[in-house]
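As a plain string of letters, each chain reads:
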Amino acid sequence: MSNNQSQNTVFLPEGSKRERGKDAQRMNIMVAKAVSNAVKSTLGPRGMDKMLVDEMGTVTISNDGATILKEMAIEHPIGKMLVELAKNQDDEVGDGTTSAVVIAGGLVSKAENLLDENIHPSIIIKGYKMASEKAVEYFNEISEKVTIEDKQLLLDIAKTSMTGKAAENSSILSGIVVDGILKISKSNKEIEREQIKIEQKIGGNLSETKLIDGIVLDKEIVHSEMPKNIKNAKILLVSSALEVKEPETEAKIQITSPDQLQAFIDQEEQTLKTMVDRIQATGATLVLCQKGIDDLAQHYLAKAGITAIRRVRQTDIERLAKATGAKIVNRLKNVTTKDLGTAELVYSKKIAGDDMLFIEGCPNPGYVTILLRGTSEQVLAETDRTLTDAIGAVISTIKSGKFVAAGGSSEIEVALRLKNFAKGVGGREQLAIEAFAEVLEIIPKTLAESAGLDAIDTIVSLRSKHQDPVNKGFGVDVVNGTIADMKKKKIIEPISVKTQAVTSSTEVAEMILRIDDIIAGQANKPKGMPMGMPGGMDMGDM
Ligand code: ADP
Ligand code: MG
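Nothing here was measured: the structure is a model prediction, and the numbers come from that model.

**Student:** Hey, could you run me through the sheet that holds strand E6 (residues 196-202) in this one?
**Tutor:** Two orientations exist for strands paired in a sheet by backbone hydrogen bonds: parallel and antiparallel. Read from one edge of the open sheet, three strands run E6-E15-E7, paired in mixed fashion. Two strands lie at the open edges of the sheet, namely E6 and strand E7 (210-212), each paired on one side alone. Shown here is a sheet whose adjacent strand axes are inclined to one another by a mean of 25°, direction ignored. Summarising the sheet, E6 and strand E15 (residues 368-374) pair through seven bridges and their orientation is parallel. Its bridge partner being in E15, Ile202 is matched across the sheet by Gly374.

**Student:** Help me understand the environment of Asp90 in this model?
**Tutor:** Here Asp90 is to be found in helix H3 (residues 77-93). Relative accessible area serves as the criterion here: at 26%, Asp90 is assigned to the partly exposed category. C-alpha separation for the pair Asp90 and Gly65, spaced 25 residues apart in sequence, amounts to 9.6 Å. If we ignore the near neighbours within four places in the chain, the residues touching Asp90 are Ala66, Asp95, Thr97 and Asp389.

**Student:** Would you mind going over the side chain of Ser496 with me for this structure?
**Tutor:** Locating Ser496 in the fold gives a position in helix H16 (residues 495-514). Leaving out residues up to four positions away in the same chain, Ser496 has contacts with Val93, Ser396 and Ser400.

**Student:** Where do I start with the packing of H3 against H16 in this structure?
**Tutor:** Between two packed helices, what matters for the description is the angle formed by their axes and the separation of those axes. Packing of H3 against H16 leaves a shortest axis separation of 10 Å and a crossing angle of 155°. With respect to H16, the axis of H3 lies roughly antiparallel. Note that H3 runs across H16; the crossing there is right-handed. The segment H3 lies against H16, with Ile78, Met81, Leu82, Leu85, Asn88, Gln89, Glu92 and Val93 engaging Ser496, Val497, Gln500, Ala501, Ser504, Ser505, Val508, Met511 and Ile512. Here the contact of H3 with H16 is composed, by residue class, of ten nonpolar, six polar and one charged.

**Student:** What is the right way to read the site of ligand 1 from this model?
**Tutor:** Taken together, 23 residues sit near ligand 1, with Thr98, Ser99, Lys165, Gly407 and Glu493 positioned nearest. In this structure, an oxygen atom belonging to ligand 1 sits 2.9 Å away from a main-chain N or O atom of Gly44. A distance of 2.8 Å separates an oxygen atom of ligand 1 from a polar backbone atom of Gly407. Out of a free accessible area of 570 Å², ligand 1 has 96% covered by protein chains.

**Student:** Could you clarify how one ought to interpret the sheet that holds strand E5 (residues 144-145) in this entry?
**Tutor:** Pairing in this open sheet of three strands is antiparallel, and the strands run E5-E16-E19 from one edge to the other. Strand pairing shows two members of the sheet lacking a second neighbour, E5 and strand E19 (492-494), which therefore form its edges. The pairing of strand E16 (residues 402-405) with E19 spans three bridges and is antiparallel. Note on E19: the bridge partner recorded for Phe403 is Pro494. Across the face of the sheet, helix H6 (residues 151-162) comes into contact with E5, E16 and E19 while running at roughly 95° to E19.

**Student:** Sorry if this is basic, but what is going on with the nonpolar core here?
**Tutor:** When a protein is soluble and globular, its nonpolar side chains tend to lie buried together. In this structure, Tyr128, Leu418 and Phe436 are the most contacted members of the largest nonpolar core, which totals 70 residues. The dominant element in this core, judged by the number of residues it contributes, is helix H4 (residues 97-116), at ten residues. Setting aside anything within four residues of it in sequence, one finds Tyr128 in contact with Leu107, Lys110, Ala111, Ala432, Ala435, Phe436, Thr506 and Leu513. Among the nonpolar cores identified, the runner-up in size contains 45 residues, and Val222, Val335, Cys362 and Tyr367 belong to it.

**Student:** How should I be thinking about a positive patch on the surface in this particular structure?
**Tutor:** Taken together, the side chains of Lys245, Arg278, Arg331 and Lys333 make up a positively charged region of the molecular surface. Position of Arg278 relative to the elements: it lies in helix H8 (residues 258-282). The exposure class of Arg278 is partly exposed, given its relative accessible area of 34%.

**Student:** Hey, could you run me through the packing of aromatic side chains in this one?
**Tutor:** For any pair of aromatic rings, geometry is given as the distance between the ring centres together with the angle between the planes. Enumeration according to the criterion identifies two aromatic pairs in this entry. Taking 5.9 Å as the distance between ring centres and 70° as the angle between the ring planes, the aromatic pair formed by Tyr128 and Phe436 counts as edge-to-face. Of this pair, Tyr128 sits in helix H5 (residues 121-142) while Phe436 sits in helix H13 (residues 427-440), placing them 308 residues apart in sequence. The class for Phe436 is buried, based on a relative accessible area of 1%. One residue, Lys465, lies across the ring of Phe474, its end atom 4.8 Å from the ring centre.

Cut-offs and rules
Residues numbered from 1 in each chain as written. Chains lettered and ligands numbered in written order. Predicted model: local features only at pLDDT ≥ 70, side-chain atom pairs only at ≥ 80, totals over all residues. Heavy atoms only, no water. Pairing = 2+ DSSP bridges. Helix = DSSP H or I, 4+ residues; strand = E, 2+ residues; numbered from the N terminus. Axes fitted to C-alpha atoms, helices over the stretch in contact; angles between N-to-C directions. Buried < 20%, exposed > 50% of the residue type's maximum accessible area, 1.4 Å probe, protein only. Contact = heavy atoms within 4.5 Å. Parallel < 35°, antiparallel > 145°, perpendicular 65-115°, else oblique. Left-handed = near helix turned anticlockwise from the far one by under 90°. Nonpolar A, V, L, I, M, F, W, Y, C, P; charged D, E, K, R; others polar. Near = heavy atom within 4 Å. Polar contact = N/O pair within 3.5 Å; in protein donor to acceptor, adjacent residues only side chain to side chain. Areas by Shrake-Rupley, 256 points an atom, 1.4 Å probe, with all protein chains shown as cover. Core = buried A, V, L, I, M, F, W, Y, C linked by side-chain atoms within 4.5 Å. Patch = residues over 30% accessible without salt bridge, like charges linked within 9 Å, V, L, I, M, F, W, Y side chains within 5 Å. Salt bridge = Lys/Arg side-chain N within 4 Å of Asp/Glu carboxyl O. Lys, Arg positive; Asp, Glu negative; His and termini not counted. Charge placed at Lys NZ, Arg CZ, Asp CG, Glu CD. Phe/Tyr/Trp six-rings, centres within 6.5 Å; stacked < 30°, edge-to-face > 60°. Lys NZ or Arg CZ within 6 Å of the ring centre and 35° of its normal.

Set out below in C-alpha cells:
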C-alpha cells in the first residue's frame with residue numbers, strides 16, 4: 001500500500017442509505033469490533049468453541065478463527081475484509097487467524113478513541129504503520145533460532161499450536177505432524193503444505209491416527225478379481241472416463257433390426273476393449289482414473305490383471321503425478337510406457353469396514369498421508385483443522401527459522417518496547433503507537449481471561465516481570481492458571497505467525513480508517529465488482 005492519503009468508498013446495494021464522514025467511519029468500526037469480538041473468546045488453549053448451524057442444519061463446532069468467520073456468512077463489506085484477513089493469515093502462515101482478527105479489531109477500536117480526541121485518521125494510520133514496522137523488528141530481536149535439526153523444538157511448536165484442541169492426544173498428533181514434515185523435508189528443500197495429505201476416516205479414535213509414508217485413497221478397487229497387492233506397481237493416471245461416450249441426443253442412432261443392435265453393441269465393446277488393450281500395452285499394473293470406468297472396461301482390466309480405481313479426486317491425481325512420476329493422461333490413444341509412474345508397494349486394506357488404497361514407496365518420497373481416525377464427523381473435522389494449523393506452524397517455523405515464547409509473552413515484550421519507542425516519536429503519532437502497543441496486550445489479556453485470571457492484574461504483573469530481560473519469556477500459562485516463563489516451559493510459536501498477524505491486521509485497519517463514505521449501489525455496477533472485498537472496494541490508487 002502506498003502512502004496515499006485518499007479515503008476509500010464502500011459501495012452498498014441499491015436501497016441502502018448513504019453514510020458519510022464520521023457516520024460511515026463509526027459504522028465500519030462498529031462492524032469490525034463486532035466481528036472481532038465474535039472470535040475473541042476462542043483464543044488460546046482455554047478458548048471456547050463456537051457451534052455454527054447453517055440453513056441446512058449442518059453443524060460445525062470449531063475453535064478456529066478462520067473457520068468460524070467463514071461459516072458466519074458475514075454480509076457487510078467490512079466484515080468480509082476481516083474474513084479475508086483470517087483466510088490470508090491461514091494461507092500465508094497456516095496459524096494465528098484468531099490473533100490476527102483480534103488485533104485488527106483492537107486497532108480499529110483504539111482508533112475510535114483517538115478519533116474522539118480529534119486525531120485525524122491519517123495520523124493514526126501513520127502511527128500504526130510505524131508501530132507495525134517496529135513491532136516486526138522487535139519480534140525478530142526477541143526471537144531465537146531454530147533449524148530442521150531441532151526436532152524437539154519443532155515438536156514443542158506443533159504441541160503449542162494444538163494445546164487444548166486435540167484433547168489428550170496432542171503428544172501423539174504433534175509427533176505425527178513433525179515426523180511427516182521431517183520425512184518430506186528429506187526430498188524437497190521447499191516444503192509445501194500439499195505434500196501432507198490428511199485423510200479422515202470415521203471410526204476408531206484419535207490415538208489410532210497414523211502417518212503413512214505415501215498416499216492413501218479412500219477408495220475401493222472396482223472389481224473383485226483385480227489384484228489387491230501390487231509390488232513395483234506401474235501406475236497410469238487418467239483424467240478422462242474409461243467409458244464410451246453417450247451419443248448426443250441429436251445424433252441418436254436409429255436401430256431398426258437386431259443385427260444392427262448387435263453391431264452397435266459389438267462396436268461399443270470393441271472401443272472399450274481397445275482402450276484396455278492400449279493400457280495393457282504400456283505395461284501398467286494400476287490405473288487410477290479421475291472419472292468413471294465402464295463395467296465392461298472393468299471386466300477387461302480384471303482379465304488383464306490390471307487393478308483399477310475410479311473417481312479419484314483431482315487433487316489426489318495431481319499429488320500422485322508428482323509422487324509417482326506419472327504423467328496425467330487424458331487421451332488413451334497415444335499413451336505409452338513413458339507416461340507411467342511407479343510405487344514399490346500398492347495394497348488395499350480394510351479400515352473401519354471400508355477398503356482404502358495405500359500407495360507406498362514412491363520415487364518422490366516427499367508425499368505423506370496422515371490417516372486421521374475419530375469417533376464422529378465433527379471430531380474429525382475439527383481435528384483436521386487443528387492438524388492443519390500445527391502443520392502450518394511447523395512449516396512456517398522451518399521457513400522463518402525463528403521462534404518466540406507463547407502465552408502472550410512476546411506481545412507483552414514487544415508492547416513494552418513500542419511504548420519506549422513512542423516516547424521518542426512524540427507528537428500525535430505517539431498516541432497511535434501507544435494505542436498499538438495496548439492492542440498487542442489484548443492477546444495476553446484474553447488468554448488470562450480464558451484461564452479465569454484477572455486480566456488487569458495479570459498484565460500488570462507481566463509488565464513488571466518484563467522489566468528484567470531475564471524474564472522476557474514470561475506469559476500467561478493458561479493450563480495452570482498462572483503467569484510463568486513460557487520459554488522454559490517449552491510453549492513456543494513461530495515468529496512468522498506473529499509478524500504476519502501484526503502486518504496484515506495493520507493493513508486492514510488502515511483500509512477501514514481510510515473509508516469516509518458508504519454509497520448506495522449504482523444501477524450499472526461494472527461487472528466483476530461484486531459487493532464486499534476486495535472487488536467491491538474502491539481501492540483508489542492504493
Ligand atoms: P490462533 O487462531 O490465533 O492461532 P489459538 O486459539 O490457536 O488462536 O490460540 C493461540 C494463542 O494461544 C497464542 O497467543 C499462543 O501463544 C497461545 N497459547 C498456546 N498454547 C498456550 C499455552 N499452553 N499457554 C498459554 N498460551 C498458549
Ligand atoms: Mg492456533
